[in-house]
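Survey of secondary and tertiary structure
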Amino acid sequence: QVHLVESGGGLVQAGDSLRLACAASGRAFSNYDMGWFRQAPGKEREFVAVIKSSGSRTYYADSVKGRFTISGDNAKNTVFLQMNSLKPEDSAVYYCAARVRPAVRYSEERAYDYWGQGTQVTVSS
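So, here's what we can say about the structure. Throughout this description, residue numbers start from 1 for each chain and increase along the sequence as written. With pLDDT at 70 or above as the cut-off, local features in this predicted model cover only qualifying residues; side-chain atom pairs require 80 or more to be listed or tallied, and sums for whole chains, interfaces and linings still use all residues. Only heavy atoms go into the side-chain values, all of them from the structure, while hydrogens and water stay out.

1. Some words on the overall build of the protein chain
How we decide: Only DSSP runs of H or I reaching four residues or more are called helices, and only runs of E reaching two or more are called strands; each is numbered from the N terminus. Between the two quantities, the radius of gyration covers C-alpha atoms and the globule rule is 2.2 Å times the number of residues to the power 0.38. Accessibility here uses a 1.4 Å probe with only protein chains present; expressed as a share of the type maximum, an area under 20% marks a residue as buried, one over 50% as exposed, and anything in between as partly exposed. We count Lys and Arg on the positive side and Asp and Glu on the negative side, and we leave His and both chain ends out. Charge placement uses NZ in Lys and CZ in Arg. For Asp and Glu, CG and CD serve respectively.
Helix and strand counts for the protein chain come out as zero helices and 11 strands. Mapped from its N terminus to its C terminus, the protein chain presents α and β elements in the order β-β-β-β-β-β-β-β-β-β-β. Relative to the 2.2 N^0.38 estimate, which gives 14 Å for 125 residues, the radius of gyration of the protein chain is 13 Å and therefore close to what a compact globule would have. Seen through its C-alpha atoms, the protein chain measures out along the principal axes to roughly 40 × 30 × 25 Å. Within the protein chain, the proportion of its 125 residues that are buried is 42%. Charge centroids of the protein chain, computed over 15 positive and 12 negative side chains, lie 5 Å from each other.

What follows is the structure in structure tokens.
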């Protein structure tokens, strides 16, 4: 079992930055690819970013490339999502997740078995 707790969300203006954190407990953090997803009202949950368990490879949704950076700190068992140049369309509940099905594409929700409770990010114009 893996428990994930997100933090760092809030209300900011367009162009501002936020850093989200996901603290993991249970299984070793380094055993899993860790991803970030987001869900806006009335929309399906969508992939944002993932970092491989090795910590050396990252992948991003086209909508956030060049603005968001995912990173991990194995010593603290924490994954981060640095969000820069935020846009109103980035507003959503952000979730971190642990991937356990490497055969399923990293951008698909069903590749991940463990999820946090989410943290709200709101970006005003």
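2. Digging into the environment of Asp33
Note the threshold: The contact definition used throughout considers only heavy atoms, calling two residues in contact when any of these lie within 4.5 Å. Polar contacts here mean pairs of N or O atoms no more than 3.5 Å apart (in protein, one a potential hydrogen donor and the other a potential acceptor; neighbouring residues in sequence count only if both atoms are side-chain atoms).
Mapped onto the secondary structure, Asp33 falls in strand 4 (residues 33–39). On a C-alpha basis, the gap between Asp33 and Phe47 in space is 13 Å, while along the polypeptide they are 14 residues apart. In this structure Asp33 touches Val50, Ile51, Lys52, Ser53, Ala97, Ala98, Arg99 and Tyr112, once residues within four positions along its chain are discounted. Reaching out from Asp33, the side chain makes a polar contact with the side chain of Lys52 at a distance of 3.0 Å.

3. Details of the pattern of salt bridges
Selection criterion: Salt bridge, as applied in this entry: a Lys or Arg side-chain nitrogen positioned within 4 Å of an Asp or Glu carboxyl oxygen.
Summed over the entire model, instances satisfying the criterion amount to nine salt bridges. As a salt-bridge pair, Arg99 and Asp33 come within 3.1 Å of each other at their nearest N and O atoms. In this pair, Arg99 is assigned in strand 9 (residues 92–99) and Asp33 in strand 4, connecting sequence segments 66 residues apart. Overall, Asp33 belongs to the buried group, its relative accessible area being 9%. The partner of Asp62 in a salt bridge is Lys65, and the shortest N-O contact between them spans 3.0 Å.

4. Notes on the state of the cysteines
Put simply, the rule is: By disulfide we mean two sulfur atoms from cysteines, separated by a distance within 2.5 Å.
By the definition in use, this model includes one disulfide. A sulfur-sulfur distance of 2.0 Å marks the disulfide that ties Cys22 to Cys96. Its S-S torsion of approximately 60° makes the covalent link between Cys22 and Cys96 right-handed. Of this pair, Cys22 sits in strand 3 (residues 18–26) while Cys96 sits in strand 9; the two residues are 74 residues apart in sequence, bridging distant segments of the chain. Just as Cys22 is buried, Cys96 falls in that class too.

5. Some points on the nonpolar core
For clarity, the threshold we go by: Here, the term nonpolar core denotes a set of buried Ala, Val, Leu, Ile, Met, Phe, Trp, Tyr and Cys residues that are joined through side-chain atoms within 4.5 Å.
Grouped together as the largest cluster of nonpolar side chains are 37 residues, with contacts concentrated most on Leu4, Trp36, Leu81, Met83 and Tyr94. Apart from residues no more than four positions distant in its own chain, Met83 is found in contact with Asp16, Ser17, Leu18, Leu20, Arg67, Phe68, Tyr94 and Val121.

6. Section: the pairing of strand 8 (residues 78–83)
Put simply, the rule is: One requirement defines pairing of two strands: DSSP has to find at least two bridges between them.
Of all six residues in strand 8, five are buried, a share of seventy percent or more. In the sheet, strand 3 pairs with strand 8 via six bridges, with the strands oriented antiparallel. Following the sheet pairing, Leu20 is matched in strand 8 by Leu81. The antiparallel hairpin formed by strand 7 (residues 68–73) and strand 8 contains four residues in its connecting segment, where Asn77 sits at a positive phi of about 55°.

All we've got here are geometric facts, nothing functional implied.
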